[in-house]
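Reading the structure
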Amino acid sequence: MEKYDLIVIGSGPAGEKAAVQAAKLRKKVAVIESRGVVGGVCVHTGTLPSKTLRETVLYLAGLKQRSVYGVVTSLKSNVTVAELMYRTENVIQKELEVIQNKLMRNGIVVLGGRGRILSAGQVLLEGEAGQSRVLETEAIIIAAGSHPLRDPAINFDNVYIFDSESILMLSNIPQSMIIVGGGVIGCEYACIFANLGAKVTILESKERLMPFLDHEISDTLTYLMRKNRTRIIFGDRMDKLEIKDNQVNLSTKAGRVLVAEKALFAMGRVGNTEGMGLEEAGIRINKRGLIQVDENFYTGVGKIYAVGDIIGFPSLASVSMDQGRLAAQHAFGIKESRLNALLPYGIYTIPEVSIVGYTEEELNAQGLAYDTGVARFYELARGQIANDHDGMLKLTFCPNTKKLYGVHIIGERAADLIHIGQAVISFGGTIDYFIDTVFNFPTVSEAYKVAALNALSSTD
């Protein structure tokens, strides 16, 4: 019987980092991967493809060059998904090489097939050809990821009706699309297809896009998406769905009838826990198929841990990586590490959105006094050069101590820019840091200084 110190089920960002961390601790590690190739959803159908597609669309559509120096560019009308995905496939292959080399350098064994937990010390490896064998291990880390939530009443035929993974299988760019769900994934794909020339309609049951965002950021994103051909319907739900005359016909509870060539359902995700023997092993799972864990990602059974999308919120690749690393450390006795609670969020709409720390709504809910400072990108020389007139950066801070509470950004490269604010919050810094710091000129980073000066002028 094969014996390992650690078996990791799944090779996405969480599983990969867990395996590498254990290998660095000189443990014998095996990774079980059902796809036949490492990388998980992140590399194959999620983060990497969608974000690379977004960059391709930005480049081809010439968004940053429109009206600059009198030059106007546009995307050819008959572009195909295959053409758009060419660069994506190249990026995926390069990333796979990096992951495979990293696993190989660290002596990690990759086993193809599905892993089923028999006990806290045994995993059944079920191969594609029907063969199976039992592996013994000291510890198990479950990092099997998630898949899109599908309503069983909806026929996801991948011809007219798609989920957030199968949408990448589109043969041609549709002229119109309905997106059910105005969350992160729904908004990201809405921006991509709108910038490819499709007429997009978002149906969102809530009263705002992504209510966890600062209200000004959410409202600005809504305005910019509507400005770019996207219709957004709030406070309404789907009632009936049917295919008529080779089109999707969707009726809503409020009596609207929406018609489009394609429909995308982006209604959240479900953990890949089915058939893994988790409940039989005593591991708790909620109704979304997500594993319940403590602050150390421990399931409470033997030395079995779970990390990444399979444990739910926040379901970010960046966070999953640290979860995997920390779970491996805890499994082998290194218990001091804790996941930093200050998490940055990057939303790859067009333009990008990124946040860290407290919003105004959260500060009000806690009864904390606060002030704000705002910088508009049109105030920045770099904003004028880049033709970014709509971006903004907003600070929330304590009016007495000037301690920074939160940073909220909408604009290109927001997900990179956020880390300056993240660092200042992490070290308990104040907005004086931005005022007293020299930023390169011209840069978008100057927005921090402009927002801090705006904050002081408004509080004087």
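The preceding data block contains the structure.
Quick summary incoming for the structure in this document.

Conventions adopted
Residue positions are given per chain, counting from 1 as you read along its sequence in written order. In view of the model being predicted, local features appear only for residues whose pLDDT reaches at least 70, and side-chain atom pairs are presented and counted only at 80 or more, with totals across whole chains, interfaces and linings using the full set of residues. Think of the side-chain values as coming from all heavy atoms in the structure, minus any hydrogens and water. Helix numbers and strand numbers start at the N terminus; a helix is a DSSP run of H or I with at least 4 residues, a strand a run of E with at least 2. Computation of the radius of gyration draws on C-alpha atoms alone. For the globule rule, the value is 2.2 Å times the number of residues to the power 0.38. Residue exposure (1.4 Å probe, protein chains only): buried if accessible area is under 20% of the type maximum, exposed if over 50%, otherwise partly exposed. Contacts are residue-level and defined by heavy atoms, with any inter-residue pair within 4.5 Å sufficient. In this description, accessible areas are obtained by the Shrake-Rupley approach with a 1.4 Å probe, and a residue is regarded as covered only by the protein chains that are shown. Expected helix span is computed as 1.5 Å times (number of residues minus one). Whether two strands pair depends on DSSP finding at least two bridges between them. Axis definition: a line fitted to C-alpha atoms, limited for helices to the stretch in contact. Angles are taken between N-to-C directions and run from 0 to 180 degrees. A carboxyl oxygen of Asp or Glu within 4 Å of a side-chain nitrogen of Lys or Arg is what we treat as a salt bridge.

1. Structural notes on the overall build of the chain
On a plain count of helices and strands, the chain comes out with 12 helices and 22 strands. In terms of C-alpha radius of gyration, the chain reaches 24 Å, essentially the compact-globule figure of 23 Å for 460 residues. Summarising its shape, the C-alpha atoms of the chain cover approximately 70 × 60 × 40 Å along the three principal directions. Burial statistics for the chain: of 460 residues in total, 51% are counted as buried. The long-range fraction of contacts in the chain, counting pairs at least 24 apart against all pairs at least 6 apart in sequence, stands at 62%. Accessible area for the chain stands at about 21200 Å²; split by element, carbon and sulfur atoms hold 50% of it.

2. Focus on helix α7 (residues 317-331)
With 15 residues, α7 should reach 21 Å at 1.5 Å per residue; the first-to-last C-alpha distance of 21 Å fits that figure. Buried residues of α7: V319, S320, Q323, G324, L326, A327, A328, Q329, H330 and A331, and no others. Looking at the packing, one finds that the buried side of α7 touches α1 (13-24), β6 (132-142) and β17 (304-306). Of the residues one or two after α7, G333 is the one with positive phi, at around 95°.

3. Observations concerning the sheet that holds strand β13 (residues 247-252)
The strand order across the open sheet built from 3 strands is β12-β13-β14, with neighbouring strands paired in antiparallel fashion. This sheet does not close on itself; its edge strands, each paired only once, are β12 (238-244) and β14 (257-260). Here the average twist between neighbouring strands, direction ignored, is 20°. Of the strand pairs in this sheet, β13 and β14 are connected by 4 bridges, and their pairing is antiparallel. Looking at β14, one finds that V248 is bridged to A260.

4. Thoughts on the environment of P211
Structurally, P211 is set in the loop between β10 (199-204) and α6 (215-227). Assessed through its relative accessible area of 41%, P211 is described here as partly exposed. Distance from P211 to G183, taken between C-alpha atoms, is 8.9 Å for residues 28 residues apart in sequence.

5. Re the side chain of E188
Here E188 lies in helix α5 (residues 184-194). Here E188 is in contact with K51, I347, Y348 and T349, once residues within four sequence places are set aside.

6. A closer look at the pattern of salt bridges
Taken as a whole and assessed by the stated rule, the structure comprises 24 salt bridges. Across the pair E188 and K51 runs a salt bridge whose closest N-O atoms are separated by 2.8 Å. Note that E188 is positioned in helix α5 and K51 in helix α3 (residues 47-61), a separation of 137 residues in sequence. Taking the shortest distance from any N to any O, the salt bridge between E412 and R54 comes out at 3.1 Å. With E412 in the loop between β22 (404-410) and α10 (414-426) and R54 in helix α3, this pair connects stretches of sequence that are 358 residues apart. Both residues of the pair, E412 and R54, belong to the buried class.

7. Remarks on the sheet that holds strand β11 (residues 230-234)
Neighbouring strands of a sheet are bound in pairs by backbone hydrogen bonds; such pairs are parallel or else antiparallel. Spatially, the 5 strands line up as an open sheet ordered β8-β15-β9-β10-β11, and their pairing is parallel. Both edges of this open sheet fall to β8 (161-163) and β11, since each of them pairs with a single strand only. For this sheet the average axis-to-axis angle between neighbouring strands, irrespective of direction, equals 20°. The strands touched by α5 are β9 (176-180), β10, β11 and β15 (262-265); relative to β10, the strand with the most contacts, the crossing angle is about 165°. Most of the contacts of α6 go to β11, to which it runs at about 135°, and overall it touches β10 and β11.

8. As for the environment of G186
Topologically, G186 is positioned in helix α5. Judged by its relative accessible area of 0%, G186 falls in the buried class. G186 sits 17 residues away from L203 along the chain, and the two C-alpha atoms are 9.6 Å apart. Setting aside chain neighbours within four positions, we find G186 in contact with I179, G181 and A266.

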